[in-house]
Amino acid sequence: MNPSDVTQMVTVLLVGLVVVFSVLIILTFSIWLYSKIVRSITGKSSSKKGDTPQNPKKAAAIPVISNVVKAAAAVEDDVDEIMAVIAAAVYYAGLEDNTAYAVKSVRRVAAAGRSAWAMAGISQNINSFFNARGRK
Amino acid sequence: MGVFDGFVDALNQLVTTSGFNLVYWQNYIMIAVSCFLMYLAIVKKFEPLLLLPISFGMLLANLPLAGLMDMPKNEMIPVPVQELVDAAVKAFPEKFAHLTSNEQILEAIKNSLSATQINDMLNAIHPEDVHSYPIIWQELAPFWNKPVQTGGLFYYLYQGVKLGIYPPLIFLGIGCMTDFGPLIANPKSFLLGAAAQLGIFIAFILAKVLGFTGQEAGSIGIIGGADGPTAIYVTTKLAPHLLGPIAVAAYSYMALIPIIQPPFMKLLTTKKERSIVMEQLRPVSKTEKILFPIIVTIIVALILPSAAPLVGMLMLGNLFRESLVADRLNKTAQNELMNIITIFLGVTVGATANGQTFLTWKTLYIVGLGLIAFMFGTCGGLLFGKIMCHLTHGKVNPLIGSAGVSAVPMAARVSQKVGQQENPANFLLMHAMGPNVAGVIGSAVAAGVLIAILG
């Protein structure tokens, strides 16, 4: 192998990695910076408005959380109804391949710190990525 | 006997003029490969939008006599020099009468008269033989450039690939389809997108060791960017003769990402790391999303102008999407335009895979190096993900690093699936989309670097 080939290999490797990382580090910093500026400006403008509460995030969160808790509690009260729905769904799935299924037990599987509601919401949001095929 | 002989002769003539007689063994292999790719696209649903046009283009290119990739043929007819000189002196005495030799007059004609003026003068002398073809000068000898045969359909469509028009247009559509929100919410993802470009440079070095030229090695390395349009763009600039194998390798490996990546993801991460649940990303405001494409374009185009066509079009598409004021353009770019360009790009890239030129040792090397590039890109992203995991005291799941190889959104889907195998309640997809779209920008920047150094 020629010494010029080795020089070219080292040059491309070093310049390539350094430039790619440098450009993306600059972009990282720029995005972090402008996001901070935009958020501080929009934060100030929203706090200037008289009709908004002092801590809008907190204020808005309280009723939402309480609604979710209430809804979840209501669901807990209707366990029999949920069992019936699950059994019906399993029976319906069995119709397609002419097989009889029986529900022997139903167990809640939830992530630590994430409610079933939150997981359902996340699943709904990311479904589109799994349905989308061949973007590039 | 006369009838029998005639029958045999006719059959013989049919056989000798049929396509079977003109197909080489390499063409048969490529026809089989194209049918296998069509099977993968139709039955296995492996990237059918790309594999189907590519494989069909490949099929057509390996069938003889179709002439789809044939160049246009021209005939060079010499212009009668003495008649031209006489006609010019007669028509423009103030320009040419004072010149003493034919050479001086021809030099002056070449520099001052257009092809239309020359044709008009000669057509006046020979009204029975009118010429209106462009004039090509070879030194001081003028020739009519008469088209004899037009090129094949794919030859003209291929000009969009050859001139580097289609890849940026595809990027326009991708920009319209991409939500950079996860990247804006977590800009550190950019670093994962940079680390996953490692495969490009490792494959470049290996290609050089195997005896490829610098430009060929750069084109082979870019397969590791896991980005079809970028690979095609770089190859058309650096090594157009390798376009067929490189495009086929790039798109095939992108389709095979769910098979290539998981073993490395499991090998380089611990069960504990794979189970890490990342914090939910913050919501990103509309203003941030609108400013993003403008700022990225300015920064990238100023630092690396050679990456501007790809990154610029990607960001223009994204601005269409986020600004909400160009809805019609947004829809057209991500649907009709993107689909049309995908058809043109697919069939013409497939048509470059002609058996005689495709089935060589170089192609086998390219396929092998492409796989190595993908593997090292995946490992680079994963290892950088591990570093980030360590530095953030376990807040970053290293699996999202492998999504930095671009290949939107397959690589992010793979991160999600592998993460969910360890912890069914873990949702890494949106976190992986950050490095995934950063990988698109990263591979375009790497492409710019290769073009700038090797171009």
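These numbers were taken from a predicted model, which means no experiment stands behind them.

Enquirer: I'd like a rundown of the overall build of chain A, residues and numbers included.
Expert: Each helix and strand in chain A was counted, giving 4 helices and 0 strands. Reading chain A from its N terminus to its C terminus gives the helix and strand order α-α-α-α. Buried residues in chain A amount to 17% of all 136 residues. By element, 63% of the accessible surface of chain A is carried by carbon and sulfur atoms, the whole surface being about 10,000 Å².

Enquirer: Any chance you could break down the packing of helix 13 (residues 214-221) of chain B against helix 14 (residues 228-238) of chain B for me, citing the residues and the numbers?
Expert: Residues and elements named next belong to chain B. Taken N-terminus to C-terminus, the directions of helix 13 and helix 14 make an angle of 175 degrees; their axes are 9 Å apart at the nearest point. One finds that helix 13 runs roughly antiparallel with respect to helix 14. Residues Gln215, Gly218 and Ser219 of helix 13 touch helix 14, and the partners they reach there are Val234, Thr235 and Leu238. In terms of residue class, the contact of helix 13 with helix 14 is built from 2 nonpolar, 4 polar and no charged.

Enquirer: Break down helix 8 (residues 153-162) of chain B for me, with residues and values.
Expert: Residues and elements named next belong to chain B. Of all 10 residues making up helix 8, 7 are buried, and the element is well covered by its neighbours. Taken as a whole, helix 8 has its buried residues at Phe154, Tyr155, Leu157, Tyr158, Gln159, Gly160 and Val161. In this structure, the buried side of helix 8 is in contact with helix 3 (48-61), helix 9 (166-177), helix 14, helix 15 (243-255) and helix 20 (327-351). Just downstream of helix 8 lies Gly164, where phi reads positive at about 70 degrees.

Enquirer: I'd like a description of the pattern of salt bridges, backed by residues and values.
Expert: Residue and element names in this part refer to chain B. Evaluated as defined, the whole model comprises 10 salt bridges over all chains. Of the charged contacts, one joins Glu216 and Lys362 as a salt bridge, the two residues approaching to 3.1 Å between their closest N and O atoms. Taken as a pair, Glu216 in helix 13 and Lys362 in helix 22 (residues 361-391) lie far apart in primary sequence, 146 residues in all. Judged by relative accessible area, which is 6%, Glu216 ranks as buried. Judged by its relative accessible area of 36%, Lys362 falls in the partly exposed class. Put simply, Lys271, Arg274 and Glu422 are held in one network by salt bridges that share partners.

Enquirer: For the nonpolar core, give the residues involved together with the corresponding values.
Expert: One finds Leu27(A), Phe180(B), Phe190(B), Ile223(B), Phe292(B) and Ile441(B) to be the most contacted residues of the largest nonpolar core, which totals 117 residues. Among the elements that take part in this core, helix 24 (residues 429-454) of chain B stands out by supplying 15 residues, more than any other. Once residues within four sequence positions are removed from consideration, Ile441(B) is found in contact with Leu24(A), Leu27(A), Phe180(B), Leu183(B), Phe190(B), Phe292(B), Val296(B), Leu314(B) and Met315(B). Core analysis: the second largest hydrophobic core is formed by 17 residues, Leu84(B), Ala87(B), Leu106(B) and Ile118(B) among them.

Enquirer: Report on the interface of chain A and chain B, specifying residues and quantitative values.
Expert: Each partner contributes to the interface: chain A provides 38 residues, whereas chain B provides 64 residues. Both faces combined, the contact of chain A with chain B buries some 4,700 Å², and carbon together with sulfur accounts for 77% of it. Among the salt bridges present, the one from Asp5(A) reaches Lys208(B), with a minimum N-O distance of 2.9 Å. Linking chain A to chain B there are 5 residue pairs in polar contact (both at pLDDT 80 or more). Elements that contribute at least two residues to the side of chain A that touches chain B include exactly helix 1 (3-48) and helix 4 (116-131) of chain A. Per-element accounting of the side of chain A that touches chain B gives the leading share, 24 residues, to helix 1 of chain A. The class makeup of the residues in the side of chain A that touches chain B is 25 nonpolar, 7 polar and 6 charged.

Enquirer: Got a sec to walk through helix 4 (residues 81-91) of chain B? Specific residues and values, please.
Expert: Residues Leu84(B), Val85(B), Ala87(B) and Ala88(B) constitute the buried set of helix 4 of chain B. Looking at the buried positions of helix 4 of chain B, the neighbouring elements they touch are helix 5 (93-96), helix 6 (102-112), helix 7 (115-125), strand 2 (135-138) and strand 3 (141-149) of chain B.

Enquirer: Please provide a residue-by-residue account of the environment of Phe201(B), values included.
Expert: By the secondary structure assignment, Phe201(B) is in helix 12 (residues 198-209). Residue Phe201(B) is classed as buried on the basis of its relative accessible area, which comes to 0%. Excluding anything up to four places from it in sequence, Phe201(B) contacts Val12(A), Leu13(A), Gly16(A), Leu17(A), Val20(A), Ala446(B) and Leu450(B).

Enquirer: Lay out the side chain of Asn27(B) in plain terms, naming residues and giving numbers.
Expert: Residue and element names in this part refer to chain B. Within the secondary structure, Asn27 is located in helix 2 (residues 25-42). Accessibility expressed as a relative area gives 4% for Asn27, which makes it buried. The residues touching Asn27, leaving out its near neighbours within four places in the chain, are Asn62, Asn354, Gly355 and Gln356.

Enquirer: Tell me about the domain arrangement of chain B, and please be specific about residues and values.
Expert: If you check the domain split of chain B, you get domain 1 (2-70), domain 2 (73-149) and domain 3 (160-454). Centre-to-centre, using C-alpha coordinates, domain 1 of chain B lies 46 Å away from domain 2 of chain B.

Enquirer: Explain the packing of aromatic side chains residue by residue, including any values.
Expert: Under the criterion given, the structure shown has 9 aromatic pairs over all chains. Ring geometry for Phe21(A) versus Phe384(B): centroids 5.8 Å apart, planes at 45 degrees, classification tilted. Taken together, the positions of Phe21(A) in helix 1 and Phe384(B) in helix 22 put the pair across two chains. Look at Phe21(A) and you get partly exposed, because its relative accessible area is 21%. With a centroid separation of 6.1 Å and an interplanar angle of 45 degrees, the aromatic rings of Tyr166(B) and Phe344(B) are classed as tilted. Of this pair, Tyr166(B) sits in helix 9 while Phe344(B) sits in helix 20, placing them 178 residues apart in sequence. Lying over the aromatic face of Phe92(B), Lys95(B) brings its terminal NZ or CZ to 5.1 Å of the ring centre.

Enquirer: So, the environment of Ser219(B): which residues are in play, and what are the values?
Expert: All names here are of chain B. Along the chain, the position of Ser219 falls in helix 13. For Ser219, a relative accessible area of 0% puts it in the buried group. Once the C-alpha coordinates of Ser219 and Phe20 are considered, the two residues, 199 residues apart in sequence, prove to be 35 Å apart. Excluding residues that lie within four positions of it along the chain, Ser219 makes contacts with Val234, Thr235, Leu238, Ala239 and Ile246.

Enquirer: So, the pairing of strand 3 of chain B: which residues are in play, and what are the values?
Expert: Residue and element names in this part refer to chain B. Direction of pairing for strand 1 (residues 73-78) relative to strand 3: antiparallel, over a ladder of 6 bridges. Bridge assignment links Asn74 to a residue of strand 3, and that residue is Pro147. Both strand 2 and strand 3 contribute to a ladder of 4 bridges, which runs antiparallel. Paired with Trp137 across the bridge in strand 3 is Pro142. If you look at the hairpin formed by strand 2 and strand 3, you'll find 2 residues sitting between the two strands, and Glu139 has a positive phi there, around 60 degrees.

The rules we used
Residues numbered from 1 in each chain as written. Chains lettered and ligands numbered in written order. Predicted model: local features only at pLDDT ≥ 70, side-chain atom pairs only at ≥ 80, totals over all residues. Heavy atoms only, no water. Helix = DSSP H or I, 4+ residues; strand = E, 2+ residues; numbered from the N terminus. Buried < 20%, exposed > 50% of the residue type's maximum accessible area, 1.4 Å probe, protein only. Areas by Shrake-Rupley, 256 points an atom, 1.4 Å probe, with all protein chains shown as cover. Axes fitted to C-alpha atoms, helices over the stretch in contact; angles between N-to-C directions. Parallel < 35°, antiparallel > 145°, perpendicular 65-115°, else oblique. Contact = heavy atoms within 4.5 Å. Nonpolar A, V, L, I, M, F, W, Y, C, P; charged D, E, K, R; others polar. Salt bridge = Lys/Arg side-chain N within 4 Å of Asp/Glu carboxyl O. Core = buried A, V, L, I, M, F, W, Y, C linked by side-chain atoms within 4.5 Å. Buried area = accessible area lost by both parts, 1.4 Å probe. Polar contact = N/O pair within 3.5 Å; in protein donor to acceptor, adjacent residues only side chain to side chain. Domains from an automatic or database assignment. Phe/Tyr/Trp six-rings, centres within 6.5 Å; stacked < 30°, edge-to-face > 60°. Lys NZ or Arg CZ within 6 Å of the ring centre and 35° of its normal. Pairing = 2+ DSSP bridges.

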